[in-house]
Amino acid sequence: MRSRLGGATSLPECVYDPELHTGPRRTIESAEQRAAREQVAREVCADCALRRRCGRYALSVRPSSGVWAGRTAAEIGETTSRVESLEVA
């Protein structure tokens with residue numbers, strides 16, 4: 001990936017290990033395994049330079065699974081529901 005100035009930029013960690021953020025594709029994980037995987041994904045997201053952009057994207061597409069910008073799809077759904085329920089004055 002290249003920046004607008006022509007220099008190389010690093011890709012986010014989720015590109016290199018997508019199952020960390022989305023879960024295993026061919027096996028079913030227990031609740032404990034999912035919680036542990038999501039915690040590691042949150043830690044990876046904490047240092048990501050693209051976290052804010054990822055978070056904005058997740059709010060706009062409302063993913064049904066995975067960890068986005070350090071938040072689960074359920075947490076993102078709760079946030080968008082709260083924002084939508086606010087009355088505009």
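Before reading further, recall that the structure is shown in the block above.
Residues numbered from 1 in each chain as written. Predicted model: local features only at pLDDT ≥ 70, side-chain atom pairs only at ≥ 80, totals over all residues. Heavy atoms only, no water.

Take the packing of aromatic side chains next. The full count for this structure, using the stated rule, is 1 aromatic pair. With a centroid separation of 5.9 Å and 40° between ring planes, the pair formed by Y57 and W68 is classed as tilted. In this pair, Y57 sits in helix α4 (residues 51–61) while W68 sits in strand β1 (residues 67–68), placing the two residues 11 residues apart along the sequence. The partly exposed category is assigned to W68, whose relative accessible area is 25%. (Phe/Tyr/Trp six-rings, centres within 6.5 Å; stacked < 30°, edge-to-face > 60°. Helix = DSSP H or I, 4+ residues; strand = E, 2+ residues; numbered from the N terminus. Buried < 20%, exposed > 50% of the residue type's maximum accessible area, 1.4 Å probe, protein only.)

Now for helix α5 (residues 73–85). A rise of 1.5 Å per residue sets the reference length of α5, with its 13 residues, at 18 Å; its end C-alpha atoms lie 18 Å apart and thus fit the reference within 8%. Listing the buried residues of α5 in full gives A73, I76, T79 and T80. Seen from one end, α5 has its buried residues packed into an arc of 120°, which puts them on one side. Exposed residues on α5 whose side chains face more than 90 degrees from its buried face are A74, R82 and S85. Buried-residue contacts for α5 involve α4, β1 and β2 (71–72). (Expected span 1.5 Å × (residues − 1). Arc of directions from axis to C-beta. Contact = heavy atoms within 4.5 Å.)

Notably, R62 is not glycine yet its phi reads approximately 50°, a positive angle. Following the sequence through the fold, R62 ends up in the loop between α4 and β1. Take R62: its relative accessible area is 44%, and that puts it in the partly exposed class. Even without being glycine, A69 reaches a positive phi, approximately 55°. Residue placement: A69 occurs in the loop between β1 and β2.

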